[in-house]
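Summary of the model geometry
Given next are the chains, with one letter for each unit.
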Amino acid sequence: MIPLSERTIFNLEKRGEFPRRIALTSRNVAWDLAEVDQWIEARRSNNIPATRPGLTS
């Protein structure tokens with residue numbers, strides 16, 4: 001659903017920029033769909049273009 005690497009999502013979570021994961025078992029996690037949908041909507045409504053790491057304008 002979110003085309004980002006696990007590391008990117010982890011880093012976003014750590015900075016408070018992505019919904020927190022829910023531990024289902026010791027090896028499996030999930031995210032609340034409503035929270036992820038809200039995150040997507042917030043990014044869509046900001047109209048701020050995404051930046052790529054390592055590239056400068």
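Up top you'll find the structure we're talking about.
Residues numbered from 1 in each chain as written. Predicted model: local features only at pLDDT ≥ 70, side-chain atom pairs only at ≥ 80, totals over all residues. Heavy atoms only, no water.

What follows covers the packing of aromatic side chains. One pass over the full model with this rule turns up two aromatic pairs. With a centroid separation of 6.3 Å and an interplanar angle of 75°, the aromatic rings of F18 and W31 are classed as edge-to-face. Of this pair, F18 sits in the loop between α1 (6–14) and β1 (22–23) while W31 sits in the loop between β2 (29–30) and α2 (33–46); the two residues are 13 residues apart in sequence, bridging distant segments of the chain. Look at F18 and you get buried, because its relative accessible area is 6%. Accessibility expressed as a relative area gives 30% for W31, which makes it partly exposed. Through a chain of ring-to-ring contacts, three or more aromatic side chains come together here, namely F18, W31 and W39. (Phe/Tyr/Trp six-rings, centres within 6.5 Å; stacked < 30°, edge-to-face > 60°. Helix = DSSP H or I, 4+ residues; strand = E, 2+ residues; numbered from the N terminus. Buried < 20%, exposed > 50% of the residue type's maximum accessible area, 1.4 Å probe, protein only.)

Attention now goes to the environment of D32. Note on placement: D32 falls in the loop between β2 and α2. D32 sits 12 residues away from R20 along the chain, and the two C-alpha atoms are 8.3 Å apart. At 2.9 Å, the side chain of D32 forms a polar contact with the backbone nitrogen of A34. (Polar contact = N/O pair within 3.5 Å; in protein donor to acceptor, adjacent residues only side chain to side chain.)

Within the structure shown, the criterion is met by three salt bridges. Here E13 ties to R21 by a salt bridge, and the two come within 2.5 Å at their closest N and O atoms. The class for E13 is buried, based on a relative accessible area of 5%. The shortest N-O distance in the salt bridge between E17 and R15 comes to 3.2 Å. For E17, a relative accessible area of 40% corresponds to the partly exposed category. Of the residues examined, R15 reaches a relative accessible area of 52% and is grouped as exposed. (Salt bridge = Lys/Arg side-chain N within 4 Å of Asp/Glu carboxyl O.)

It is worth spelling out the nonpolar core at this point. In this structure, I2, I9, L12, F18, V36 and W39 together form the largest nonpolar core, which totals six residues. Not counting the four nearest positions on each side in its chain, I2 is found in contact with I9, F18, V36, W39 and I40. (Core = buried A, V, L, I, M, F, W, Y, C linked by side-chain atoms within 4.5 Å. Contact = heavy atoms within 4.5 Å.)

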